[in-house]
Amino acid sequence: MQKYTVLIAGGFKPPHKGHYDFIKFYLDNPCVEQVVLFCGEKKRDTISLEATEAVLEAYGLMKHPKLTYQRAKQRNGKKGSFTNPLADCYDWADENYDTHCGLGWSSKDKGYQDGFVKYFKGDSMIITPPMFEQQDDLSATDFRKALENGESIQAFLPDGVSEEQIRKVLGA
């Protein structure tokens, strides 16, 4: 059985049950040796990168032995400094050219996977990991709106995680 690394990029502002299930899909795969999760810093409403990290911690993901978490690198462009977690996945694959790796992807959006495979075409170390079949139609935008409006957020949370716990972590 060939072991490989799965690269995942996102903002996760905030991470919801769909994000959790997506990440766990790869963490629970016996062929996956490591999941490298890159998170961008761009704030969404009141949700900061630190809040994202606190929620991932509350979900128990940050302590998973197969997860390597990295904040996206600062980059400079015409409009100033920014982060791009997807670009970090490309950089990681370039820098770790001797490691079998691939981009994590879901049925919700195949475009990123197609671009990644096309970019690394011909590189024998790049693999296409299995696709995560998105079950829920959840969005971080709707999660933020529910928080802002004081509505229940339980539908956005993984099983076993309480609304009170996440509200406390987010200061909501």
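The text that follows walks through the structure, step by step, so that each part is easy to find. This one's a predicted model, so the numbers in the text were calculated from it and none came from an experiment. (Residues numbered from 1 in each chain as written. Predicted model: local features only at pLDDT ≥ 70, side-chain atom pairs only at ≥ 80, totals over all residues. Heavy atoms only, no water.)

## Some details on the pairing of strand E3 (residues 67–71)
In the sheet, strand E2 (residues 32–39) pairs with E3 via five bridges, with the strands oriented parallel. Note on E3: the bridge partner recorded for Cys-39 is Arg-71. In terms of handedness, the path from E2 via helix H2 (residues 49–58) over to E3 forms a crossover that is right-handed. (Pairing = 2+ DSSP bridges. Helix = DSSP H or I, 4+ residues; strand = E, 2+ residues; numbered from the N terminus. Right-handed = clockwise from strand over helix to strand, strands pointing away.)

## Quick notes on the layout of surface pockets
Volume-wise, the largest pocket comes out at about 870 Å³. Taken together, 30 residues line the largest pocket, and the ones lying closest to its centre are Ala-9, Gly-10, Gly-11, His-19 and Tyr-112. If you list the elements that add at least two residues to the lining of the largest pocket, you get strand E1 (4–10), helix H1 (17–27), strand E5 (80–83), helix H3 (85–95) and helix H5 (140–148). When its residues are assigned to classes, the lining of the largest pocket shows eleven nonpolar, twelve polar and seven charged. (1 Å grid on protein atoms, 1.4 Å probe; cavity = no way out; pocket = protein on both sides within 12 Å on 5 of 7 lines; lining within 4 Å. Points joined across faces, edges and corners; volume = space filled by probe spheres on them. Nonpolar A, V, L, I, M, F, W, Y, C, P; charged D, E, K, R; others polar.)

## Brief notes about unusual backbone geometry
Working note: non-glycine residues mostly have negative phi, and peptide bonds are mostly trans. At the junction of Lys-13 and Pro-14, the peptide bond is cis and its omega measures out at -5° in the coordinates. By the secondary structure assignment, Pro-14 is in the loop between E1 and H1. A positive phi is found at Phe-12, a non-glycine position, where the angle reads about 55°. Structurally, the position occupied by Phe-12 is in the loop between E1 and H1. Judged by relative accessible area, which is 8%, Phe-12 ranks as buried. If you check the backbone angles, Asp-45 has positive phi at about 55° while not being a glycine. (Buried < 20%, exposed > 50% of the residue type's maximum accessible area, 1.4 Å probe, protein only.)

## Re the environment of Glu-41
In this structure, Glu-41 sits in the loop between E2 and H2. In this structure the C-alpha to C-alpha distance between Glu-41 and Ser-124, which are 83 residues apart in sequence, comes to 32 Å. Within the structure, the side chain of Glu-41 is placed 2.8 Å from the side chain of Gln-74, a separation counted as a polar contact. (Polar contact = N/O pair within 3.5 Å; in protein donor to acceptor, adjacent residues only side chain to side chain.)

## Structural notes on the side chain of His-64
You can see His-64 is positioned in the loop between H2 and E3. Accessibility expressed as a relative area gives 18% for His-64, which makes it buried. A polar contact of 3.0 Å, which involves the side chain of His-64, links it to the backbone nitrogen of Lys-66.

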